Amino acid sequence: MKIGNHLKIKKKAIYFLAGIVALFVMTILGIQYYNDYKYQQTYEFKLIEKGYTKEEATILLEKIKEEKILELLNEEKKDYLISIVTEKYYLEKNFDQYLDFYEKNKKHGMYDIIAMVNVHANQEWYEKIEESDTTKGNLLLVNKYYQLKEDYVPDNLVSVSNWYCYGTNKITKEAYDAFLNMYQKAEEQNIKLIINSSYRDFKSQEATYNNLKNSFGQKKADSQAARPGHSEHETGLAFDIFSPGNTTTSNFKDSEAYQWLKEHANEYGFIERYPEGKEYLTGYNFESWHWRYVGTEIANKIKEEQITFDEYYAYYLE
Ligand SMILES: [Zn+2]
């Protein structure tokens, strides 16, 4: 072979190789470009462009529905979004309400914003009333938003023996059995529990409320009694407890019985329904005497998480 031919072949090989390399580089760049392009179409990229960090974008995408993300992309960055969606009791379905309520109530902490919206306390008491879900059994919720029908009568109501109560009283069988256990354990520690008032039907609640309303007006009546259908006493799962020597609503909180209940009632399935400092969620002033049966498991959880039954219901059951 001549030297000239030899060189030609070598040159061709070099061109060929260079071509391969160029193709390779272009492919890599093409893929890179395509990936970049694809990434730029993602919500993550668009959120980052709005000023959210990558971490915040990831959280938002996890916690908010796509349609809401689209709305966010049309608005200025909201600094408080992350603190809303990372609150323990955040519920996606309430997202718009949280934003709206927060905008109008920035003085509240984020825990309160979330809790109030969850339990409907972002509305006025009795403003928007829904029917209580009576299929929830021991977890039936009755408050200033959830109402029992006029003809509702709890199943398995039994009479409370006069040994344990003042006057005539009824509660559900399961709550009664739990109370008897609790009564016995309390008595062993020289604590005496007396049921003062338990089940009331719609009609008697109505009479109580209307008497107050006719005498003092609606505002005063609302502060003293639940409207008919809205009293937890109508569930047959709640009662007011006193103990000898502490038989008024103003002094029961100072009793040993109250301290004992706070420590042990959950072990028998009872919860303090209207705790001190939670008026803005329950709609009721602190009622040390009012106890509610929910069963041991839920009572333990409510006590452990230090939440009201309204919050428990909204987050875990609704
Ligand atoms: Zn009560």
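Analysis parameters
- The written sequence of each chain sets the order in which its residues are numbered from 1.
- Reporting of local features is limited, given that this is a predicted model, to residues whose pLDDT is at least 70; pairs of side-chain atoms are given and counted only at 80 or more, and all residues count toward the totals for whole chains, interfaces and linings.
- The side-chain quantities take in all heavy atoms of the structure and omit both hydrogens and water.
- Only runs of H or I of at least four residues qualify as helices and only runs of E of at least two qualify as strands under DSSP, and these elements are numbered from the N terminus.
- To get the radius of gyration, use the C-alpha atoms; to get the globule rule, take the number of residues to the power 0.38 and multiply by 2.2 Å.
- The classification of residues rests on relative accessible area computed with a 1.4 Å probe and restricted to protein chains. Under 20% of the type maximum is buried, over 50% is exposed, and intermediate values are partly exposed.
- We define the nonpolar core as a collection of buried residues of types Ala, Val, Leu, Ile, Met, Phe, Trp, Tyr and Cys that are connected through side-chain atoms lying within 4.5 Å of one another.
- Domain borders in the structure are assigned automatically or taken from a domain database.
- Whether two residues are in contact is decided by their heavy atoms: any pair within 4.5 Å suffices.
- A pair of strands is considered paired only if DSSP assigns at least 2 bridges between the two.
- Every axis corresponds to a line fitted to the C-alpha atoms, with the helix fit spanning only the stretch in contact, and the corresponding angles, defined between N-to-C directions, vary from 0 to 180 degrees.
- Only four residue types enter the charge count: Lys and Arg as positive, Asp and Glu as negative, with His and the chain ends excluded.
- Between Lys or Arg on one side and Asp or Glu on the other, a salt bridge is scored when a side-chain nitrogen of the former is within 4 Å of a carboxyl oxygen of the latter.
- Contacts described as polar in this section are N or O atom pairs within 3.5 Å, which, within protein, must combine one atom able to donate a hydrogen with one able to accept it, while residues neighboring in sequence count only if both atoms come from side chains.
- Note on angle classes: values under 35 degrees are labelled roughly parallel, values over 145 roughly antiparallel, values of 65 to 115 roughly perpendicular, and the remainder oblique.
- By convention the crossing between two helices is left-handed if the near helix lies anticlockwise of the far one by an angle smaller than a right angle, and right-handed if it lies clockwise.
- In this classification, Asp, Glu, Lys and Arg are treated as charged, Ala, Val, Leu, Ile, Met, Phe, Trp, Tyr, Cys and Pro as nonpolar, and every other residue, Gly included, as polar.
- Once two parts are put together, the accessible area they lose, assessed with a 1.4 Å probe and summed over both, is termed the buried area.

Visitor: Teacher, can you tell me more about the overall build of the chain here?
Guide: Tallying secondary structure elements over the chain gives 14 helices and eight strands in all. Computed over C-alpha atoms, the radius of gyration of the chain comes to 32 Å, more than 25% over the 20 Å expected from 2.2 N^0.38 for 318 residues, which places it beyond the range of a compact globule. Taken along the three principal axes of its C-alpha coordinates, the chain extends 125 × 45 × 35 Å. Across the 318 residues in the chain, those meeting the buried criterion constitute 44%.

Visitor: Just checking my understanding: could you explain the nonpolar core for this structure?
Guide: Within soluble globular proteins, side chains that are nonpolar tend to cluster in buried spots. Among the nonpolar cores identified, the biggest contains 44 residues, and L60, I64, I84 and F309 are the most heavily contacted of them. Breaking this core down by element, the ones donating at least two residues are helix 3 (54-63), helix 4 (66-73), helix 5 (81-85), helix 6 (95-104), helix 7 (110-118), helix 13 (296-305) and helix 14 (309-317). Mapping this core onto the domain boundaries places at least three of its residues in each of domain 1 (43-118) and domain 2 (130-317). Not counting chain neighbours up to four residues away, the residues in contact with L60 comprise L47, Y52, I69, L81, I82 and V85. If you look at the next biggest cluster of nonpolar residues, it comprises 33 residues, including V142, I241, F286 and W289.

Visitor: Help me understand the sheet that holds strand 8 (residues 290-293), please; the structure alone is not making it clear to me.
Guide: Strand pairing in a sheet takes place through backbone hydrogen bonds and is either antiparallel or parallel in direction. The strand order across the open sheet formed by four strands is 5-6-8-7, and the pairing between neighbours is antiparallel. Two strands bound the open sheet, and with one partner strand each, they are strand 5 (194-197) and strand 7 (270-272). The average angle at which neighbouring strand axes cross in this sheet is 45 degrees, direction not considered. Note: strand 7 against strand 8, three bridges, orientation antiparallel. Residue pairing for strand 8: F270 is matched across the bridge by Y293.

Visitor: Could you clarify how one ought to interpret the side chain of K144 in this entry?
Guide: Along the chain, K144 falls in the loop between strand 1 (130-131) and strand 2 (146-147). One buried charged side chain, K144, makes no salt bridge at all; its nearest oppositely charged neighbour is D222, positioned 6.6 Å away. A polar atom in the side chain of K144 sits 2.5 Å from the backbone oxygen of G283. When residues no more than four places from it in sequence are discounted, the contact partners of K144 are W125, Y126, I129, D222, H230, G283 and Y284.

Visitor: Honestly, the packing of helix 2 (residues 43-50) against helix 3 in this entry has me stumped. Any pointers?
Guide: Any two packed helices are characterised by how steeply their axes cross, that is the angle between the axes, and by the distance between the axes. Following both chains from N to C, one finds helix 2 and helix 3 inclined at 125 degrees, their axes separated by 9 Å at the closest point. Taken together, the axes of helix 2 and helix 3 lie oblique to each other. Crossing angle aside, the handedness with which helix 2 passes helix 3 is right-handed. In contact with Y43, E44, L47 and I48 of helix 2, helix 3 contributes K54, A57, T58, L60 and L61. Of the residues in the contact of helix 2 with helix 3, the class split is six nonpolar, one polar and two charged.

Visitor: Looking at this structure, I do not really get the domain arrangement of the chain. What am I missing?
Guide: When the parts of a complex come together, some accessible area is lost, and that lost area is often used as the size of the interface. Here the chain is described as being made up of domain 1 (43-118) and domain 2 (130-317). Placing the centre of domain 1 and that of domain 2 at their C-alpha centroids yields a distance of 36 Å. A per-residue breakdown of the area domain 1 buries against domain 2 is headed by Y89, Y111 and M116, which together make up 48% of the total. Across the pair E305 and K88 runs a salt bridge whose closest N-O atoms are separated by 3.4 Å. Applying the counting criterion to the domain 1 and domain 2 interface returns five residue pairs in polar contact (both at pLDDT 80 or more). In the side of domain 1 that touches domain 2, the residues fall into six nonpolar, one polar and two charged.

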